[in-house]
Every structure is written in structure tokens, then in C-alpha cells.
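# Chain and residue survey
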Amino acid sequence: MKPKFNRFFRKSILELDPYKSAREEYKNEGREMILLDANENPFQSSFNRYPDPMQVDLKSRIASWKNVRSDQLYLSNGSDEFISQIIIAFCEPGEDHIMIVPPTFGMYKVSAITYGVEVKEIPLILNFQLDTNAILQAANEKSKIIFIPTPNNPTANSFDAAEIEIIIKNFSGLVVLDEAYIEFTDNPSFIEMLEKYSNLIVCQTFSKAQGMAGIRLGMTFANEEIIEMLNKIRTPYNINSLTQRTALLKLKNQEEVKKEAKIILREKDRLIGHLKEFNFIQKVFPSDANFILIRVDNSSKRYNQLIEMNIVVRNTSNQFGCENTLRI
Ligand SMILES: *Cc1c(COP(=O)(O)O)cnc(C)c1O
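Okay, so let's go over this structure.

This paragraph deals with the site of the ligand. By nearness alone, 14 residues border the ligand, and D178, Y181, T205, S207 and K208 come closest of all. At a separation of 2.7 Å, an oxygen atom of the ligand approaches a polar side-chain atom of R216. For the shell around the ligand, the element with the highest residue contribution is helix 4 (residues 78–90), accounting for three residues. Of the residues assigned to the shell around the ligand, the class counts are five nonpolar, five polar and four charged.

What follows covers the pairing of strand 7 (residues 218–221). On strand 7, burial covers both faces: G218 and T220 on one face and M219 and F221 on the other are all buried. When strand 1 (residues 73–76) meets strand 7, the two strands line up antiparallel, connected through four bridges. Counterpart to L75 in the pairing with strand 7 is M219. Here strand 6 (residues 200–205) pairs with strand 7 via four bridges, running antiparallel. Within strand 7, the position partnered with T205 by the bridge is G218.

Time to look at the pattern of salt bridges. Per the stated rule, a full pass over the model turns up 15 salt bridges. Between D96 and K144 there is a salt bridge; the shortest N-O distance is 3.0 Å. In this pair, D96 sits in the loop between helix 4 and strand 2 (97–100) while K144 sits in strand 4 (residues 143–149), placing the two residues 48 residues apart along the sequence. There is no split in this pair, since D96 and K144 are both buried. Among the salt bridges present, the one from E267 reaches R270, with a minimum N-O distance of 3.1 Å. One end of the pair is E267 and the other is R270, both in helix 10 (residues 254–275) and three residues apart, which spans about a single turn. Sharing partners across several salt bridges, the network here consists of R69, D71, E195 and E224.

Bringing helix 8 (residues 224–233) into the picture now. Across the 10 residues of helix 8, seven count as buried, placing the element largely inside the fold. The set of residues buried in helix 8 consists of E225, I226, I227, M229, L230, K232 and I233. N-capping of helix 8 is provided by N223, with a side-chain oxygen placed 2.8 Å from the backbone N of E225.

With that settled, consider unusual backbone geometry. Cis peptide bonds are those with omega within 30 degrees of zero, and the linkage from T150 to P151 qualifies with -5°. Locating P151 in the fold gives a position in the loop between strand 4 and helix 7 (161–170). Not every positive phi belongs to a glycine, and N310 is a case in point at roughly 65°. Mapped onto the secondary structure, N310 falls in the loop between helix 11 (299–308) and strand 10 (314–315). Overall, N310 belongs to the exposed group, its relative accessible area being 71%. A positive phi angle, close to 55°, is found at N324, a residue other than glycine.

Here we come to the packing of helix 4 against helix 8. At a closest axis distance of 10 Å, the pairing of helix 4 and helix 8 adopts a crossing angle of 100°. One finds that helix 4 runs roughly perpendicular with respect to helix 8. For the pair helix 4 and helix 8, contact is made by F82, Q85, I86, I88, A89 and F90 and by I226, M229, L230 and I233, respectively.

What follows concerns the nonpolar core. In terms of nonpolar packing, the biggest core is built from 41 residues, with I62, L130, I146, F206 and F221 touching the most fellow members. At the level of secondary structure, the elements contributing two or more residues to this core comprise helix 3 (56–66), strand 1, strand 4, helix 7, strand 5 (174–178), strand 6, strand 7 and helix 9 (241–251). Other than its neighbours up to four places away in sequence, I146 contacts M99, V101, I135, I167, F171, L174, V175 and V176. Of all hydrophobic cores here, the second largest spans 29 residues; its members include I83, I100, V119 and I227.

As a further point, take the state of the cysteines. Counting across every chain of the model gives zero disulfides. No disulfide involves C91; its sulfur sits 15 Å from the nearest other cysteine sulfur, which is in C203. On the accessibility criterion, C91 (1% relative accessible area) is buried.

The rules behind each value
Residues numbered from 1 in each chain as written. Predicted model: local features only at pLDDT ≥ 70, side-chain atom pairs only at ≥ 80, totals over all residues. Heavy atoms only, no water. Near = heavy atom within 4 Å. Polar contact = N/O pair within 3.5 Å; in protein donor to acceptor, adjacent residues only side chain to side chain. Helix = DSSP H or I, 4+ residues; strand = E, 2+ residues; numbered from the N terminus. Nonpolar A, V, L, I, M, F, W, Y, C, P; charged D, E, K, R; others polar. Buried < 20%, exposed > 50% of the residue type's maximum accessible area, 1.4 Å probe, protein only. Pairing = 2+ DSSP bridges. Salt bridge = Lys/Arg side-chain N within 4 Å of Asp/Glu carboxyl O. Axes fitted to C-alpha atoms, helices over the stretch in contact; angles between N-to-C directions. Parallel < 35°, antiparallel > 145°, perpendicular 65-115°, else oblique. Contact = heavy atoms within 4.5 Å. Core = buried A, V, L, I, M, F, W, Y, C linked by side-chain atoms within 4.5 Å. Disulfide = S-S within 2.5 Å.

Shown next as C-alpha cells:
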């Protein structure tokens, strides 16, 4: 293991001898082999064999699409799985903590608490922007990871790229930028900065613009040492055959994705125009994603009215700074 990153890793994980599945011990070199190594059912069907544990084809396709190397890429059962795995890999329970910037995506805190890892919250400031100074002041050597979703959920705005870069440069731990909604913005992805910052991790997902929430596929981009650690603690076949095949097909159809994103954004603008006609809607927050956050007079009342009309939105009022808001 290369020394530069050691200080981030949990000692027990660093020393862990990972489980090797049958298909990892034997590497197929393209010859036709009789596979008696994994106790599978030999009667052929589309699914009698275990999936490729290293997802070689899918990773090489995604790597060339995103202009990274395969060893800078990690695939997970949705971004949700990555979020818990990055915490397991780097945070010593009862000792280290993660940092989040509420109002924010709920899974970071839930995963951390589940693994006995403390959470430090540094709320957003005016216009739902990052409080960069407060973040850097609150950070110490136990701050292993900060999670920053941009565009942010539930507020829908992107954070200022220059502020994000200041955090990456000065934060002593890992900076996870969750770009679940990146396809809906004009902002460039921070994947471009991977070579420049070794503590930068970017995650994206097939669940939103790609229209594939059902297959559960998350993509994580980081330097190869971080990816190696994630691979160590991964369950052996975490991306199933159906998901790998379906994602490969989807990658061939990115024109469709772009077309759909355009339509979604056009419809969003149309909806925003009409929302402004209602006097009980006090504010429509700027949106850089496929959803809108609004402030209303009484969020429970409006939420229930919509339910009566068979429309389900998200009542985000219990989130920090989001009193009487709905996410649509
Ligand atoms: C929707 C969303 C995700 C997606 O998670 P998956 O597990 O990949 O479906 C991740 N992060 C944020 C901020 C989201 O809003």
C-alpha cells in the first residue's frame, strides 16, 4: 500500500485480507473454460452464472464515457451503498466523524449513525450557500469525510465552484461531491479535477437523469488508492447481472438521455412560471436540478391538499432552514 494516503484509512481495513470470490481468483483470459469453481447450477440460462465481480466491461465503458481510468472508478448498488461504504472504509466508529451541510441529503447522516460514526453539521448560509469558513474552522484531524451534494437536495441550487475548491484545498479529510443531478446543470463535473486533488471523490448515479433508479447503480470517481479501499470492503458481487447488462445498453443511448433532460428542464420552467401565479406560494427557490423547492403558507395543509388530488410531493419542512417548504 502506498504511504501517502495511509492516514485516511482505518487500520483494520488497511490490514484486512479481503474475501476473494471464485471469479476473482481465476481470471479468464478469453479461453473457453469449464467452470467448476463456484458451485453454480450448470444448466444454462441467462442467469445461472455469478456476475462479473469486477464489472470489467461496464467499468471500461463508463471510464471512457467519463474520461477516467477504470482504476479511478467504483460501482455500487446505488449511491446509497457507496455512501455507507466510504464511511466504513475511513471512519473509526466512536472516534472519527463526518461533516454535512444541512439542509442536505438524508443518507449521509443515517449511514454514519448506523455505523456508530458521529456527524458534525455546518448549516448552509444565505441563499443556501456553503459556509466555507465555518466548515474549515470546525474541521479537525477526526473529520474524515465531508459530504457536499451539488446541485443540492432538497434546495436544488448548485454551490459556488470556487467555494468548493477552497474546501477541497484546505480540508484535511476526504471531500465527497455528490453529483446526482449533474446532468441537469451547465456546470462542469468535478471529475475533471480528480488528477489535481487526491482527497476529492465524486459520485454520480443512474437513478436520476439516466432514468434507471430501478437498476440501482452508482458511480464513484476517485484516485486509485481510495478505489482500492472501497473494493476491499465491497460485497463480492454487488452489481448483479441484470444491472450490468441493462447499464451497458443504456450507455449506448445517451442521446435519448440528453433529449429527456431537456424536456424535463423545459417542463420545470413551465411549472415555475405557473407556480408564481399562486398567492399562497411565497417563494420558488432557484433550481439547477430536475426538481423545485417552494415555500408556501402552510406546508402540511398544501401537502395534504395535493394528496387529496392524487399528487405526492415531499414535505421538506422538518429540514434545517426549510420551514413550510415542499419539494416537487
Ligand atoms: C437521489 C440522490 C442520490 C441517488 O442515490 P441512489 O442510491 O444512486 O439512487 C444520491 N445523492 C443525492 C443527493 C440524491 O438526491
